[in-house]
Each structure stands twice: as C-alpha cells, then as structure tokens.
Amino acid sequence: MKGLIYTLLLLFMPLVASADNGLRCAKNVFSQPNVRFMHKIKSIHSDAVIGVKGLPNGLQWNARRNLVEGKVKTPGIYTYSITSTIKGQVSEEQIRLTVSDKLAMPLPFMGWLSWNSVEGDVSEAIVKSVADMFRANGLYQAGWNTVMMDDLWQARKRADDGKPLPDPKRFPNGLRTVADYVHAKGMKFGLYTDAANKTCAGAFGSYGYEQIDAEQYAQWDVDIVKCDYCHAPTEQDTAIVRYRRLGDAFKAVARPITLYICEWGDRKPWLWGAEAGGSCWRVSADVRDRWTCEPGGTGVVESIKAMKDIAQYSGVNRFNDADMLCTGLHGKGKSSNDLCFGSPGMTQDEYATQFALWCMWSSPMALSFDPRANTLTKEDLKILTNRHLIALNQDRMGQQADLISETDSLVMFAKDLENGDVALSVTNMSGKLLEATFDFTQIPAFDTNKRYQCRDLWTGEKLSAVKQSFATKVRPHATRMFRLSE
C-alpha cells in the first residue's frame, strides 16, 4: 500500500508544483463535440506574453483575451501547450483536452441534498417525496433532476463481508428500490460517503473500501456520490491520493458514477480535482442561511470571496461548487442555522442573489428544503424556475463568470455564453439603494464600438440597446441580471 501511495504522489507532484511558473489555468479540460469551448489563461506576471502550441483543429488562440476558443468536432483526447515568456525566459504548460459526448458532468447538476434540513432523518419516504415534489411544483420541468442523500443514510456498521448497508428502519426496501423510484421520475439518484474511516457525522466512510463501495453503489444504480473529507489527514498530497482511489474505483465499475469532491476548498481542489477523477468540488465550508456569517461561517458574502478569483479553473466537467442553496429554508433548517449571528434566514432579495450568483458561476445547485415542512413559497418557486437564469447555469460552454469590478458596495461579474452572448450581474453589498454602471472597457468580451441588445433576466423584458456602458439601480443585497447579444 505504501508503494502505491508513493507512486501516485510522484505522478501528482508535477501537477501541483507546475503552478509556480506563474500561469494560472486548468490543465485537464473538457468539452462536448462541436460545442463551443473556452479555456482562459492567467499569469501572476503582468509582463508575461502568453501563447499556445499545437492547438487541435477547430481551436484558435485569442491573444487579446488570453484564451483558447472554438469547436472540436471529433471526440478524442487532445493535447496542446500554453507558453509564457517573461524577459526572454519561456515556460510551458501542457493541457489535456477531452472531447466526449459521454462526460460524467457536462452540465452542473441541479437537485436536492438532504443535510441542511433533514440530517439523520433521511429516509426512503423523504427521498421519494422530494422526487414527487420536483415533478408536482414544476422544478423538474425547469431542470431540477438530481435527488441526493447526504450523511447518515448508513446502517450502524457494514455487513460482515464489508459491503455498505443502509439503515434498515429508514430504508426497509434497500437503496435499489429508492434509486428505481427516482429514476422512474426521470431523475438521477445520489448518496454520500467520506474519504476516511468515518463520515462527518460518525457513520462508516469509504477509506479502504473504495472498490467494495463502488461495486455496491453500481448495483444500487447510484449516479453521483458526494465524498466528504472529515477525519482525514490535512495534507493536499494525501487528499489527492484518497480521492483518486475512489475516482479510479468508480471508473472500474460497469455503471458510470460521478465523483463529487467535498473537502471545502482547503486544499485547492480546483488545481487537482479533475485529475483525481472528480467532476465538481466544493470551494468553501458549508453555506449557512444568512447574508453574512463572519467570523467563522459562510454566507452569501463569504461565498463571493471564495468564488471570485478561481473562474479560470472551472469549466465543463470540472465545476467549482459553491455549496447548497438556502432558498426555501427561511431560517427553518438545521445545520444551516449554525454560525448565523442573529436570526437565521434571508430576505427574498438575498435568496434571489444567492441563486443568481450560483447561475453566473455555473455552480452545481442543490436545494436543501425539508419536504415534510414544505417551506417552498410561490416566491421561492418563481426564483428557482426562472428559465433565463437557469439557462446561464446550464450553458453548455460551462464558463464561470469572471469578476470585472468590486468595491465595498458593488460587485460585478461577466459570463461568456456558448452562442457568443454575455451575461452581466451586479450585486449591491450595501444597505441602501445604489446606481451601478457597467463600463464595457472593463469587460474583455465586448467591443466598445458595437451596440448590444439587452435583456433583463429577472423579467425577461427586452430593454433598449446599449453601447459602451449602461446604468441600473440595485436594491440593497439584490442582484440585477442582464444578457447582452450582438
């Protein structure tokens, strides 16, 4: 075992160390055939001259924006190199591009996770009721199609042969029955484990049982597995090895199983998560049902801090995950109430901001309401079924929005979309009504000499065409959303 770990560490050492050349970009990237692809490159050196070598047919280098873009028609695995020249010294980074129509996560998932409201009460009845609710209230029709169990679905211990078992009282018919029910509703089914001996809540984890668990999950027809990192060593190298073992085990079974890495961003999984077999990874501690939770917690304000500088590491099948949405909780969750200074819960503008930003970031989106209490209101559903915003989250190019402007009062993002449109958002961080101005000279995707058609994404209304800049008023803690096209 020690020999295997040492070998894997050697394989990953170049991956982590190579970031020291000043380039900041994803090195293992993905696209679907004949779908527009975009790969953004950044450097910590302001005088660096960035270039490319060996681009496959269909891709071009956009020197003005320091990005690779285009379409690759034929599925396959391709390589090209990013070069950086600083005072005559040239460094090079090799990129691996996988083009496939069978990617584990071509789009960020939209679904439900049990933990925030249900915790240890998760059961067959609750999972089925969520699937029923998704169908009954229009969420499924809007794109919400993944139902996942978090921690404490497990029995007190494994079977004598080491196989994982569900709690017999809460899952009397086993997990295959639950999966079959969810699948019959047209949705995906997921569960939870940990890359250690124990999960965060003390149930059995998967460390040392990776292959056994993968085979059993496949027999249960599980589609996606969230893997936590409680009770595991803190070092990045060890995390890489542990997640890689589980990722390899999932690849070795007959049924495709997607690995969802959840180590809270502490070891920068955006640098290695795809290489370890993950398709998305958490970037922060658990999100709480508050606008801000400092010190110690993660509210909307802290989520912005976690996501704003890592957009270049996100993309198709490698999504940065900002954690569960709190829309619909209204302060009535369980773990989501921890570290909330003052009363838990947010205003509708704050819930709408959270949803809007998750859509701009192409973050996986997991609701966490309690189906027994049914706290989702008509106002919540109006937010969560907004087709214009969901189209941003589910855009097939998978780009995370770039931060374009930030002050104490206003935060602005811009998101490239597959058809060439650009989505813009502005969030009012202050407690008073403000006017915000989008300056096109700050947004690389725009030609300042062109006029663009503009649509308000909350209402769907077409607005007057804009050129060079435009202004909008923003309520406290609200977010305005626009889509611009030529």
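Residue indices follow the written sequence of each chain, beginning from 1 at its first position. pLDDT decides what is reported in this predicted model: residues at 70 or higher carry local features, side-chain atom pairs at 80 or more are listed and counted, and totals for whole chains, interfaces and linings draw on all residues regardless. To obtain the side-chain values, all non-hydrogen atoms of the structure were used and water was disregarded.

Undergrad: Just to check I follow, could you spell out the pattern of salt bridges for this structure?
TA: Between Lys or Arg on one side and Asp or Glu on the other, a salt bridge is scored when a side-chain nitrogen of the former is within 4 Å of a carboxyl oxygen of the latter. For the structure shown, the criterion picks out 32 salt bridges. Linking Asp180 and Arg176 is a salt bridge whose minimum nitrogen-to-oxygen distance equals 3.0 Å. Here Arg176 and Asp180 lie together in helix 5 (residues 174-184), a separation of 4 residues that amounts to about one turn. Relative accessibility under 20% of the residue-type maximum defines a buried residue, over 50% an exposed one, and the middle range a partly exposed one, all with a 1.4 Å probe and only protein chains included. With a relative accessible area of 38%, Arg176 lands in the partly exposed category. Among the salt bridges present, the one from Arg480 reaches Asp456, with a minimum N-O distance of 2.8 Å. Here Arg480 is found in strand 25 (residues 479-485), whereas its partner Asp456 is found in strand 22 (residues 451-456), with 24 residues between them in sequence. Shared partners join several salt bridges into a network, and the residues in it are Arg176, Asp180, Asp221, Asp223 and Arg255. Secondary structure follows DSSP: runs of H or I at least 4 residues long count as helices, runs of E at least 2 residues long count as strands, and numbering of each begins at the N terminus.

Undergrad: What should I look at first to understand the domain arrangement of the protein in this one?
TA: When the parts of a complex come together, some accessible area is lost, and that lost area is often used as the size of the interface. Domain segmentation is taken from an automatic or database assignment of domains. For the protein, the assigned domains are domain 1 (23-99), domain 2 (116-394) and domain 3 (402-485). On a C-alpha basis, the centroid separation for the pair domain 1 and domain 3 is 27 Å. Note on contacts: a residue pair is in contact if any heavy atoms of the two residues lie within 4.5 Å. Each side of the interface is counted separately: domain 1 has 7 residues, and domain 3 has 8 residues. Two parts lose some accessible area (1.4 Å probe) when they are put together, and adding that loss for both gives the buried area. Of all residues in domain 1, Arg36, Lys40 and Arg65 bury the most surface against domain 3, accounting for 66% of the area lost on that side. At the junction of domain 1 with domain 3, the criterion picks out 3 salt bridges.

Undergrad: Looking at this structure, how should I read empty space enclosed by the protein?
TA: A 1.4 Å probe that fits into a set of points on a 1 Å grid over the protein atoms alone but cannot get out defines a cavity; an open set with protein on both sides within 12 Å along at least five of seven lines defines a pocket, and lining residues are those with an atom within 4 Å of a point. Grid points are joined across faces, edges and corners, and a volume is the space filled by probe spheres set on the points. This model, assessed by the stated rule, comprises 2 cavities of 30 Å³ or more. Size it by volume and the largest cavity reaches roughly 130 Å³. If you trace the largest cavity, you find 19 residues lining it, with Phe37, Met38, Ser314, Gly315 and Gln399 closest to the centre. Those elements giving two or more residues to the lining of the largest cavity turn out to be strand 2 (28-31) and strand 3 (37-40). Of the residues forming the lining of the largest cavity, the biggest block, 4 residues, is contributed by strand 3. Residues are grouped as follows: Ala, Val, Leu, Ile, Met, Phe, Trp, Tyr, Cys and Pro are nonpolar; Asp, Glu, Lys and Arg are charged; all remaining types, including Gly, are polar. In the lining of the largest cavity, the residues fall into 9 nonpolar, 6 polar and 4 charged. For the lining of the largest cavity, the domains that each give at least three residues are domain 1 (23-99) and domain 2 (116-394). The computed volume of the second largest cavity comes to approximately 40 Å³.

Undergrad: I keep staring at the sheet that holds strand 7 (residues 67-70) and nothing clicks. Help me out?
TA: Sheet strands pair via backbone hydrogen bonds, and the direction of the pair is either parallel or antiparallel. Pairing between strands requires that DSSP locate at least two bridges from one strand to the other. In spatial order, the strands read 3-7-6; together these 3 strands make up an open sheet with antiparallel pairing. In this open sheet, the two edge strands, each paired with only one partner strand, are strand 3 and strand 6 (59-62). Strand after strand, the sheet turns through a mean of 20° between neighbouring axes, direction not considered. Across 4 bridges, the pairing between strand 3 and strand 7 is antiparallel. Paired with Phe37 across the strands is Gly70, a residue of strand 7. Lines fitted to the C-alpha atoms define the axes, with helices restricted to the stretch that makes contact. Angles between their N-to-C directions range from 0 to 180 degrees.

Undergrad: Explain the state of the cysteines here, please?
TA: Defined simply, a disulfide is a covalent bond joining two cysteines at their sulfur atoms. A pair of cysteine sulfur atoms is labelled a disulfide when the two atoms are within 2.5 Å. Throughout the structure, instances matching the rule amount to 1 disulfide. A disulfide bridge connects Cys200 with Cys230, and the sulfur atoms are separated by 1.9 Å. On the sign convention where negative means left-handed, the S-S torsion of about 85° between Cys200 and Cys230 marks this disulfide as right-handed. Here the residue Cys200 occupies a position in the loop between strand 12 (188-194) and helix 6 (210-219), and Cys230 occupies one in the loop between strand 13 (224-228) and helix 7 (236-252), the gap between them amounting to 30 residues. In this structure Cys200 comes out as partly exposed when scored by relative accessible area, which is 35%. The thiol of Cys280 is unpaired, and the distance to the nearest cysteine sulfur, on Cys262, comes to 9.3 Å.

Undergrad: What am I meant to see in the sheet that holds strand 14 (residues 258-261) here?
TA: On the basis of which strands lie adjacent, the open sheet formed by 8 strands has the order 16-15-14-13-12-11-10-17 and parallel pairing. Of all strands in the sheet, those bounded by a partner on one side alone are strand 16 (319-321) and strand 17 (365-367). Going from strand to strand, the sheet's axes swing by 30° on average, the running direction of each strand aside.

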